[in-house]
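# Results of the structural survey
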Amino acid sequence: MCCMTDSDMPVIDSKTLRQKIKENSIRLVDVRREQEYQQGHITNAINLPLAKLLADDSAEAIQKIAQDLGISDETSVVVYDDTFGALSSRVVWALQYIGHKDAKLLDVTFSQWKSLGYEISTEVPEIESAIHSININPDIMATAEYLEKAKENKNVVIIDNRERLNYLEQHIPGAINIPYRTLASDDKILRTKEGMKNLLKNRGISEDAEIITYCGSVGTLSGLAYYAMKSVGLPNVKLYVHSFKEWKNLEKPIDKQENANYWDLSAE
Amino acid sequence: MAQQLRPSKPADKKPKIDWSRRQEAEHFAETVKLFRQGKVDPDMFRRFRLQNGAYGTRMTDDYAMVRIKVPAGQVYPYQLEKIAQLSEMYSIGSAHFSTRENIQLHWVVLEDVSEIMQSLSDVGMTSREACGNTVRNVMCSPLSGVCKDEIFDATPYAMAIAKFMLRNPICQGLPRKFKFNFTCCEKHGMVRIVDVGLIPQIQEIDGEKRKGFKIFLGGGLGNRSFIGHQLEDFTPVEDLLYTSMAVIRIFDRLGDRKNLVRNRMRYLVNDMGWEKFQNLVLKERAIVKATQSVIVKLNVDETKNEIRRPISVSNDVASVPDGFARWQKTNVEKQSQDGFNSVFIGLESGDITANQLRSVAEIIRDYSAEGFARNGFSQNIVIRYVHDDDLKSMYSKLLESGLAKTGSLTMASAVGCSGTTSCNLALTNSHRLAKEVQRKFLELKLDEDDDLKDSTVKISGCPNSCGQHEIATIGFYGGGGRHEDNMFPNYTMSIGGRFDQGSMLGHHTARVPVKRVIPVILKIIELFKENKQSDDTLAKWIDRIVNGNESSKISSVEDIKKEISSLLIPPKVEDEPEFYMDYGSDTNYHTITGKGECAA
Ligand code: HEM
Ligand code: SF4
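The shown structure was predicted, so the numbers you read here are calculated from the model rather than taken from an experiment.

Cut-offs applied
- Residues numbered from 1 in each chain as written.
- Chains lettered and ligands numbered in written order.
- Predicted model: local features only at pLDDT ≥ 70, side-chain atom pairs only at ≥ 80, totals over all residues.
- Heavy atoms only, no water.
- Near = heavy atom within 4 Å.
- Nonpolar A, V, L, I, M, F, W, Y, C, P; charged D, E, K, R; others polar.
- Buried < 20%, exposed > 50% of the residue type's maximum accessible area, 1.4 Å probe, protein only.
- Helix = DSSP H or I, 4+ residues; strand = E, 2+ residues; numbered from the N terminus.
- Contact = heavy atoms within 4.5 Å.
- Phe/Tyr/Trp six-rings, centres within 6.5 Å; stacked < 30°, edge-to-face > 60°.
- Lys NZ or Arg CZ within 6 Å of the ring centre and 35° of its normal.
- Domains from an automatic or database assignment.
- Buried area = accessible area lost by both parts, 1.4 Å probe.
- Salt bridge = Lys/Arg side-chain N within 4 Å of Asp/Glu carboxyl O.
- Polar contact = N/O pair within 3.5 Å; in protein donor to acceptor, adjacent residues only side chain to side chain.
- Pairing = 2+ DSSP bridges.

### A closer look at the site of ligand 2
If you check the shell around ligand 2, you find B:Cys417, B:Gly419, B:Cys423, B:Leu425, B:Ala426, B:Ser460, B:Gly461, B:Cys462, B:Asn464, B:Ser465 and B:Cys466 and nothing else. Here the residues of the shell around ligand 2 sort into six nonpolar, five polar and no charged.

Below you can see the structure in the form of structure tokens.
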């Protein structure tokens, strides 16, 4: 953990990004709805609504998306959204899954960027498509089958990143709950490293544990958790990308907090 | 007319007192770790956890409830925003306003409690000594300082006592919990159902007007409840600290440390007899005074809060928003200060979402000329110093956030303890039942009925009285009933409870199955309407009945019992399966409880 370099960090800060925008040395991807993108985005960003990725997330489909966005194997990519980093995490993860090396999250959301008064534009940059290879990175992905076996292993920690009430009601047996809201700080999509380490330390999660994150359906909230773990240098993290929705459809075992009416404490 | 532009928002007011101590969070985290490793004795850990404000949770060791202390209920916008954030990060996305002016976060992973404590320090708050055998949150009427009937504002004294007792070695290991309540006047406080209750008084002594209190000792609700006794005619403020210390010292020395079920001070008072206890207190106070080597004084800060109307958002709200009159009638109290109002925000059983907390913070900034809020003692929030001209605009804002529930100052705002939503000792879902009662009352517009205004409904999930059912006009506590082979949630109903100058505990009336609680309440109201006198209220009518002073057709508790008896007969399971299920549950009822921490 001592030797993480900046290039291993999954996030990039605004200052560095502004420099790179000036140098025109990155491909900036905006994961919001098209309409929002059109009303203004970070200068030079191109739009990739998440729905497009989710429509088909086979390696070939991700490859095509990357190519259409002008992302080649060597392109530096930075992704942002306005949903506390969850959607952009899912995009970065997908790129890394097909073997892309240099993809990062912007450490603030679009709203935060805007309130900092940084460059915004309505201009849509011209892009030429590029060629990207497929070089599957199996180590960052967990399937239901994999998770089911792995959870018997003592050194594996399964983390459910949904809200507390959803977790109490049903979760994968043995999973612990770290709601996605726990991962952010007041002004960044992720906690400080120290804050994150402290949370994990309190929870008794060791630095050499294998971690599998999951959430409700498509791996966005748990994608953010994946990068929260990565940000403190945990070496072995996997995203159960099809998450609890698939788990339930497959009729796998489910645990529940019994004998308490916790839902009635909610004012929703 | 053009909308008046607001200059810029006034800077957030900051509290004068920082209740936190940062190191406590780290110490808590360390101790949890040692406990999990089996290196700390579970009993010791439990005491430690409670001392720091973390209760256990229903049927599990994994979660805690964190009780944030709010002395005198005084809470600031940025503190509410912090709690909103913490509820999303570590709890269920909602927080709970309690009957003792605390704010609680439920279903917190025990290992995360220290993170909450850490963040509370950032905003000057603490959960220290919110549970356990300590001096619990010092309460003060939410209307202290603005009440029309008060003699002086008790808030600075409540704050001073809270400050003196917090972390004070003399109250770290009391036989049992210890509660102080200050009030503004007889009507707006609960001084006779706590260990020490205080009402401001002024007495002329040698031609000089002197501040002081009427002090009540030895009251309290619980498995067995008692009404407090007045210590003496008048206790000057100079004697406030000495009297408090004397009482605590006696309790510490003589309180029952063995029999955990009867160790609140009220049992000591009851066993010893009031007169003996009273003498003991007066004598002990003389000793405390005489033997002090250093003069210990309360640090009472009576500097006036700055009152500055933050804005006029708009002097002309285009039209009167729908429902404004009903809301104003049932949620707004005029202050003793001309032109200003105290606005009550009603919640369902005290629950509020994170986003609503943020709205409340914003609304305080925009509308309260004092810049903070006061928690009430009916699971509600009071925003004071709202100008007459701003009420309509404020109401629209509250509506937008779902915070304009009517009936806060009426019988509609039922109180319900945690019950089976989180409490280990609960037998029924009292929390949800209170919500159901409130919804029904509002649906029937009973909040607008002046005859019901001074009545209350309060519900506990077991006999321990956290929902304060015994001081309600109509109160309930949960239990289990059985019909043939099936169990159903069955509440014990008491009527005629009061917490004003005529304080008394309610009279047990009947056992009422959960799904009949609302019909029974409505039936009682119907009986009242049939038999009331011209200028009557439900509370007065019931008061006459339980005291044998009513001469109409319904003149005794027995008569009421007879009238409702047909509602109490259990149906066959096949005919009404829901009868055998509690609210919030779709399976047949059974009782299940865990280890309680009441006596811890
Ligand atoms: C024998 C055990 C207990 C007794 C005698 C007891 C007594 C009381 C009393 C009398 C109150 C009302 C406030 C007042 O006027 O003093 C209260 C409030 C409260 N108690 Fe307890 N208590 C017990 C155990 C518990 C337990 C195990 C829990 C759950 C963790 C709990 C949670 C609460 C809550 C949440 C409130 C505030 C009510 C609300 O607004 O929800 N109590 N308690
Ligand atoms: S009254 Fe009973 S059920 Fe309600 S909070 Fe107290 S101990 Fe729990």
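### A closer look at helix α7 (residues 265-272) of chain B
At 3.6 residues per turn, the α-helix brings residues three or four places apart onto the same side. Taken together, the buried positions of α7(B) are occupied by B:Met265, B:Arg266, B:Tyr267, B:Leu268 and B:Val269. Buried-residue contacts for α7(B) involve β10 (229-230), α6 (240-254) and α8 (274-290) of chain B.

### A word on the packing of aromatic side chains
Each pair of aromatic rings is reported with the distance of its centres and the angle of its planes. Inspection of the entire model under this criterion finds 30 aromatic pairs over all chains. Centroid distance B:Phe324 to B:Trp327: 5.9 Å. Interplanar angle 40°. Geometry classified as tilted. Within this pair, B:Phe324 and its partner B:Trp327 are both found in helix α9 (residues 324-331), separated by three residues, close to a single helical turn. Relative to B:Tyr395, the ring of B:Trp327 has its centre 4.9 Å away and its plane inclined at 40°; by these criteria the two rings are tilted. Taken as a pair, B:Trp327 in helix α9 and B:Tyr395 in helix α11 (residues 391-400) lie far apart in primary sequence, 68 residues in all. One exposure class covers both B:Trp327 and B:Tyr395, and it is buried. In this structure an aromatic cluster arises from ring pairing among B:Phe28, B:Phe35, B:Phe45 and B:Phe48. Stacked on the ring of A:Phe244, the Lys or Arg A:Arg162 has its end atom at 4.5 Å from the ring centre. Above the ring of B:Tyr78, the side-chain terminus of B:Lys14 is found at 4.7 Å from the ring centroid.

### Things to note about the domain arrangement of chain A
All names here are of chain A. Domain annotation of chain A identifies domain 1 (6-137) and domain 2 (141-262). In this complex, domain 1 contributes 23 residues to the contact, which on the side of domain 2 involves 22 residues. Of the roughly 1,800 Å² buried between domain 1 and domain 2 on both sides combined, carbon and sulfur atoms contribute 72%. Together, Pro-10, Phe-84 and Trp-93 form the three largest contributors to the area buried by domain 1 at its contact with domain 2, with a combined 34%. On inspection of domain 1 and its partner domain 2, the count reaches zero salt bridges. If you look at where domain 1 meets domain 2, you find four residue pairs in polar contact (both at pLDDT 80 or more). Elements represented by at least two residues in the side of domain 1 that touches domain 2 include exactly α3 (50-55), α5 (86-97) and β6 (103-106). Looking at the side of domain 1 that touches domain 2, the element that brings in the most residues is α5, giving eight residues. In terms of residue class, the side of domain 1 that touches domain 2 is built from 14 nonpolar, six polar and three charged.

### Some thoughts on the pairing of strand β12 (residues 237-240) of chain A
Residue and element names in this part refer to chain A. Alternating positions in β12 separate into two faces, Val-237 and Leu-239 on one and Lys-238 and Tyr-240 on the other, with burial throughout. Bridge count for strand β8 (residues 141-142) against β12 is two bridges, and the pairing is parallel. Bridge assignment links Ala-142 to a residue of β12, and that residue is Tyr-240. Both strand β11 (residues 210-214) and β12 contribute to a ladder of three bridges, which runs parallel. Among the inter-strand pairings, Thr-213 is bridged to a residue of β12, identified as Leu-239.

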